[in-house]
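In case you want the letters, here they are:
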Amino acid sequence: DTGVSQDPRHKITKRGQNVTFRCDPISEHNRLYWYRQTLGQGPEFLTYFQNEAQLEKSRLLSDRFSAERPKGSFSTLEIQRTEQGDSAMYLCASSYGTPNFNYGYTFGSGTRLTVV
Amino acid sequence: GENVEQHPSTLSVQEGDSAVIKCTYSDSASNYFPWYKQELGKGPQLIIDIRSNVGEKKDQRIAVTLNKTAKHFSLHITETQPEDSAVYFCAATGANNLFFGTGTRLTVIP
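Conventions and cut-offs
Residue indices begin from 1 for each chain and proceed along its sequence in written order. Think of it this way: whatever chain is written first is A, whatever ligand is written first is 1, and the rest follow in order. Where local features are concerned, this predicted model is filtered to residues with pLDDT of at least 70; where side-chain atom pairs are given and counted, the filter is 80 or more; whole-chain, interface and lining totals use all residues. The side-chain values count all of the structure's non-hydrogen atoms but skip hydrogen atoms and water molecules. What counts as a helix is a DSSP run of H or I of at least four residues, what counts as a strand is a run of E of at least two, and both are numbered from the N terminus. Relative accessibility under 20% of the residue-type maximum defines a buried residue, over 50% an exposed one, and the middle range a partly exposed one, all with a 1.4 Å probe and only protein chains included. Here, two residues are considered to be in contact whenever any of their heavy atoms come within 4.5 Å of each other. Computed by Shrake-Rupley with a 1.4 Å probe, the accessible areas treat only the displayed protein chains as cover when residues are assessed. Neither His nor the chain ends is counted toward charge; the positive residues are Lys and Arg and the negative residues Asp and Glu. Working definition for charges: the position is that of NZ of Lys, CZ of Arg, CG of Asp or CD of Glu. Any two strands are treated as partners once DSSP identifies two or more bridges connecting them. Two parts lose some accessible area (1.4 Å probe) when they are put together, and adding that loss for both gives the buried area. Throughout this description, the term salt bridge denotes a Lys or Arg side-chain nitrogen within 4 Å of a carboxyl oxygen of Asp or Glu. Pairs of N or O atoms within 3.5 Å make up the polar contacts considered here, provided that, within protein, one atom can donate a hydrogen while the other can accept it, and that residues adjacent in sequence are counted only when both atoms are side-chain atoms. Interaxial angle, 0 to 180 degrees, is taken between N-to-C directions of lines fitted to C-alpha atoms, where a helix line uses only the stretch in contact. Defined by distance alone, a disulfide is two cysteine sulfur atoms within 2.5 Å.

Quick word on the overall build of chain B
- In terms of regular secondary structure, chain B is built from zero helices and 11 strands.
- Tracing chain B from N to C terminus, the helices and strands come up as β-β-β-β-β-β-β-β-β-β-β.
- C-alpha extents for chain B along the principal axes are approximately 40 × 30 × 20 Å.
- Within chain B, buried positions represent 48% of all 110 residues.
- Relative to all contacts within chain B whose residues are 6 or more apart in sequence, the contacts with residues 24 or more apart total 52%.
- Carbon and sulfur atoms provide 47% of the accessible area of chain B, an area that totals close to 5,300 Å².
- Here chain B contributes 10 positive and 12 negative side-chain charges, whose respective centroids are spaced 4 Å apart.

Okay, structure coming up:
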């Protein structure tokens, strides 16, 4: 297993366009997370899945954002009607979680989105 | 939710010296505390972690200590090398998502 993979690595889009990112987690991991990171800041939680169920969404995840994880494998994050404020690095992570513990948190290399 | 504070925000050390980064957390239910190293344009890379049932953990030049009572944990890097220069993040979690500190930019001067 090569770790968490994200595609594309970079995306430049015009304001108002829709974009979709993909994440392939570590196969043994049952949890998948999306984070957003802006320059000089730590990653901020957006949403997470356990298997195919989306269990938690941050207030940062406006109605223009939607995430899916069909069949509990890869995940997609779509941003509709992009705005300049959406420009950031979008990070995906996966882990193995139980009701009491969460471990093996591994991040992908991220997708850098630039909205022009 | 959890609130993680990290200090200092920048740290410069001479090659061969030690570096210490400190974090505090607010949620007593947090039980897992990883540290990540992030280089420019890359995702965070896990360098060491500690669970709440352990007070200290060491891996070669890197060590982490945890004080559950005071709710703080620290990263110690000894014999620093130029390739240690990066941004370091602490994080904390219970059973769900990670909460990150604001990061420390470490510069190791050759």
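Structure shown, so let's carry the discussion forward.
Re the pairing of strand 6 (residues 53–57) of chain A
Residue and element names in this part refer to chain A.
- For strand 5 (residues 44–50) and strand 6, the ladder comprises four bridges, and the chain directions are antiparallel. Residue pairing across strands places glutamine 50 opposite alanine 53, the latter belonging to strand 6.
- Linking two consecutive strands that pair antiparallel, namely strand 5 and strand 6, is a turn of two residues; a positive phi of about 55° is found at asparagine 51 within it.

As for the interface of chain A and chain B
- The partner chain B presents 19 residues to the 25 residues of chain A that form the contact.
- Both sides together, the interface formed by chain A and chain B hides about 1,600 Å², and carbon and sulfur atoms give 51% of it.
- Its largest share of buried area at the contact with chain B, chain A owes to Asn102(A), Tyr105(A) and Phe107(A), together 29% of the area lost on that side.
- Between chain A and chain B we count zero salt bridges in total.
- Viewed at the interface, chain B and chain A are joined by five residue pairs in polar contact (both at pLDDT 80 or more).
- Elements that contribute at least two residues to the side of chain A that touches chain B include exactly strand 4 (31–37), strand 5, strand 9 (88–97) and strand 10 (102–107) of chain A.
- Counting residues per element, the side of chain A that touches chain B draws most heavily on strand 10 of chain A, at five residues.

Points about the sheet that holds strand 3 (residues 19–24) of chain A
Residue and element names in this part refer to chain A.
- Ordered in space as 1-3-8-7, the four strands form an open sheet in which the pairing is antiparallel. For this open sheet the edge positions go to strand 1 (5–7) and strand 7 (65–68), each flanked by a neighbour on one side alone. The average angle at which neighbouring strand axes cross in this sheet is 15°, direction not considered.

Considerations on the state of the cysteines
- In this structure the tally under the stated criterion is two disulfides over all chains.
- Shown here is the disulfide that connects Cys23(A) with Cys92(A), its sulfur atoms set 1.9 Å apart. Across the disulfide from Cys23(A) to Cys92(A), rotation about the S-S bond amounts to roughly -70°, and the bridge is consequently left-handed. One end of the pair, Cys23(A), is in strand 3; the other, Cys92(A), is in strand 9, with 69 residues separating them in the sequence.
- Accessibility expressed as a relative area gives 0% for Cys23(A), which makes it buried.
- Note on cysteine connectivity: Cys23(B) is disulfide-linked to Cys90(B), with sulfurs 1.9 Å apart. Here Cys23(B) and Cys90(B) share a disulfide; its torsion about the S-S bond, -100°, makes the bridge left-handed. Here the residue Cys23(B) occupies a position in strand 3 (residues 19–25), and Cys90(B) occupies one in strand 9 (residues 86–92), the gap between them amounting to 67 residues. As far as the burial class goes, Cys23(B) and Cys90(B) line up, both buried.

Some words on the sheet that holds strand 6 (residues 56–59) of chain B
All names here are of chain B.
- Strand order in this open sheet of five strands is 1-3-8-7-6, and the pairing throughout is antiparallel. The open sheet terminates on both sides in strands that have one partner only, identified here as strand 1 (4–7) and strand 6. Geometrically, the sheet is characterised by an average inter-axis angle of 15° between neighbouring strands, direction not taken into account.
- The sheet contact formed by strand 3 and strand 8 (residues 72–77) spans six bridges and is antiparallel. Bridge assignment links isoleucine 21 to a residue of strand 8, and that residue is leucine 75.

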